[in-house]
Amino acid sequence: MTDRKQITQQQSARPGDSLPVKPGKRTNPLAHVFDELIDFARSRSLFMLHYCTGCGAVELPPAMTSRFDMERLGIQPMVTPRQADILLVTGYVSVKTLKRVILTYEQMPAPKYVIGICSCTVNGGMYWQSYATAKKLNDYLPVDVYIAGCMPRPEAVIAGMRHLMETIKNGEANAWQDYYRRYDHYLGNQQRLFGQTWQTPTDVIAEAKYYGQIGPETRGAHTAMLEKHQKPLEALDLQLSISELEHRRS
Amino acid sequence: MTEGKELTTWLDKVLTEIEGIEIRRKSSRRLRVDVAADALPALLELLRGRASYVHLSAISCVDWLDDGEFELVYHVWSYEMQSLVSAHTRIPREPGIYISVYDIYTPAAFFERDIHEMYGVFFEGSPDMSKFILTEWDGPPPMRKDFDSEAWVNDHFDWQNYNPEWLQEIIAQGGGIAVRPDEQRFSRKQ
């Protein structure tokens, strides 16, 4: 980057060059266009992983199918977190489920977006005094859009989706970067709920390095705790035993 | 069904012969039996072996905090008589140990494990008393009446800010939250 700047300054210093170049500005006029184009394309093809934890999932079939037809916005369901852009959490998240939601979220490739549907993800909703459900989803995951309601109608779901599309198009939907930049904060909240030995298979700090999102709050007391308790992952022992086949073989 | 009716009157008579149990017939197909804790397995043995009540629908537990007792209710169903018998028994809250009826009804293992998890009642002789649904739980049994769920929640979770800055603008325009959550929550009403 600096090399190119120097070159352009040298070029502009050349006599006879009429093109005025301000120092510090990108000279390639197409570079920004491509960014905008990518953002636009990204906002128009979203694969959605719907983690249907609670009753809010009932509103998704009409939102996805022919009545409201989410696919005309370019949003369609995806079966695996590895290929999904949006994680849709619909309804209350019990402490047990929250672990799975975090595992799912960390498996998604960046850029990734989280939508919390229903009042339960905002503040516990009607389960606010339940010992079993987590209250604020954005304590544990960075949430891009909350769609409040008990339950929100498909119109509201689509309005929320459109809002997310708009923010992606404008390059403002950067909550996923927050997870890397303030990983210590999120991990601290997770450890408060799950205990100090909590760990996920994903190396979030390495991912943060990969995406260039290491910030001053990426590492801290909680990640130090994680490193203390972290056990190396072992491959699952895959065994297939079909008694009938074994019987036939012998 | 007439046959079933005769059988139920027969059952009533048989049960009234036994000392120390109190029977209350709720309807032709529902019978409540109150029995002492040490006689309950014998009663269930009788109901299952002789009176065709082969199906244990559920074991429910009630925490009577003021009496210092747990009430255990065994719901047994007979397919032949088409009727339900609820056998109620009370055990002291402390130490909260009772005997399993796993040897009489096999599905009892499932219900007893659940009650052990939710109320802390230990069933001696039950095959598995390990954690069941609340595998992540390390607090006191949450269905006990003396467990303060609200205090636990306030201890473990943070709340969303109900006065964010963007709301002030809406309030200035005459909008805002009609009933604040603090006013709406029954437990906080004085």
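Per-chain numbering applies: the sequence of each chain, read as written, is numbered from 1 onward. The naming scheme follows written order: chains are lettered A onward, ligands numbered 1 onward. It should be noted that, the model being predicted, local features are given only for residues of pLDDT at least 70 and side-chain atom pairs only at 80 or more, the latter also being counted only at that level, while totals for whole chains, interfaces and linings use all residues.

> Could you give me a rundown of the overall build of chain A, with the residues and numbers involved?
A run of H or I in DSSP counts as a helix once it spans at least four residues, and a run of E counts as a strand once it spans at least two, with each numbered from the N terminus. Counting its secondary structure elements, chain A contains 11 helices and seven strands. Each residue is classified by how many other C-beta atoms fall within 10 Å of its C-beta atom, where C-beta atoms are placed from the backbone; a count of 20 or more means buried, 12 or fewer means exposed, and values in between mean partly exposed. Buried positions account for 32% of the 250 residues belonging to chain A. Counted over contacts in chain A with a minimum sequence separation of 6, partners at least 24 positions apart contribute 79%. Each residue gets a C-beta atom placed from its backbone, and two residues are in contact if those atoms lie within 7 Å.

> So what about the packing of helix H8 (residues 183–194) of chain A against helix H10 (residues 221–229) of chain A? Which residues, and what values?
Helix-helix packing: each pair is described by the crossing angle between the helix axes and the interaxial distance. Residue and element names in this part refer to chain A. Angles run from 0 to 180 degrees between N-to-C directions of axes, and those axes are lines fitted to C-alpha atoms, restricted for helices to the stretch in contact. Contact geometry for H8 and H10: axes closest at 7 Å, N-to-C directions at 60 degrees. Judged by the sense of rotation from one axis to the other, the crossing of H8 with H10 is left-handed. In this structure, H8 contributes Tyr183, Asp184, Leu187, Gly188 and Gln191 to the contact, and H10 contributes His222, Thr223, Met225 and Leu226. Crossing chirality is assigned from the near helix's rotation relative to the far helix, an anticlockwise turn below a right angle marking it left-handed and a clockwise turn marking it right-handed.

> An account of the pairing of strand S1 (residues 46–51) of chain A is needed here, citing residue identities and associated values.
Alignment of S1(A) against strand S2 (residues 75–77) of chain A, held across three bridges, turns out to be parallel. Residue pairing across strands places A:Phe47 opposite A:Gln76, the latter belonging to S2(A). Two strands form a pair only when DSSP identifies at least two bridges running between them.

> If you had to explain the confidence of the model for chain A to someone new, which residues and values would you point to?
Looking at chain A, the pLDDT average stands at 84 and 88% of residues meet or exceed 70. Within chain A, the element-level pLDDT minimum falls on helix H1 (residues 2–12) of chain A, averaging 42, and the maximum on strand S5 (residues 113–117) of chain A, averaging 93. For every residue, the predictor assigns a confidence score, pLDDT, that lies between 0 and 100.

> Account for the interface of chain A and chain B, naming residues and giving values.
Listed per partner, the contact involves 13 residues of chain A and 12 residues of chain B. Contributing elements (two or more residues each) for the side of chain A that touches chain B: helix H4 (95–107), helix H5 (119–123) and H8 of chain A. Asp, Glu, Lys and Arg are counted as charged, while Ala, Val, Leu, Ile, Met, Phe, Trp, Tyr, Cys and Pro are counted as nonpolar; the rest, among them Gly, fall into the polar class. Taken together, the residues of the side of chain A that touches chain B sort by class into six nonpolar, three polar and four charged.

> Please give an account of the nonpolar core that cites residues and values.
Residue and element names in this part refer to chain A. Any nonpolar core is a set of buried residues, restricted to Ala, Val, Leu, Ile, Met, Phe, Trp, Tyr and Cys, that join up through C-beta atoms within 7 Å. Of all hydrophobic cores here, the largest spans 49 residues; its most connected members are Ile86, Leu87, Leu88, Val89, Val114, Ile115 and Leu164. Tallying contributions element by element places helix H6 (residues 154–169) first for this core, with five residues. Either an automatic procedure or a domain database provided the assignment from which the domain bounds are taken. Looking at this core, you find at least three residues from each of domain 1 (31–172) and domain 2 (174–231). Those residues in contact with leucine 164 that lie beyond four places of it in its chain are Tyr113, Ile115, Asp144, Val145 and Ala173.

> So what's going on with the domain arrangement of chain A? Which residues, and what values?
Residue and element names in this part refer to chain A. By the assigned domains, chain A splits into domain 1 (31–172) and domain 2 (174–231). Here domain 1 and domain 2 have C-alpha centroids that lie 22 Å from each other. Counting from both sides, the interface comprises 18 residues of domain 1 and, opposite them, 14 residues of domain 2. Residue assignment for the side of domain 1 that touches domain 2 shows that the elements contributing at least two residues are H4 and S5. Of all the elements, H4 adds the most residues to the side of domain 1 that touches domain 2, at six residues.

> With reference to specific residues and values, describe unusual backbone geometry.
Residue and element names in this part refer to chain A. Each neighbour pair has its own omega, and for alanine 110 with proline 111 the value is -5 degrees, a cis peptide bond. Structurally, proline 111 can be placed in the loop between H4 and S5. Of note, the bond from cysteine 150 into methionine 151 is cis; its omega dihedral lies within 30 degrees of zero at -5 degrees. Examined against the element boundaries, methionine 151 turns out to sit in the loop between strand S7 (145–147) and H6. Backbone geometry at aspartate 69 places phi at a positive 50 degrees, although glycine is not the residue there. Examined against the element boundaries, aspartate 69 turns out to sit in the loop between helix H3 (60–64) and S2. The backbone of cysteine 118 sits at a positive phi, close to 85 degrees, despite the residue not being glycine. Inspection of the secondary structure assignment puts cysteine 118 in the loop between S5 and H5.

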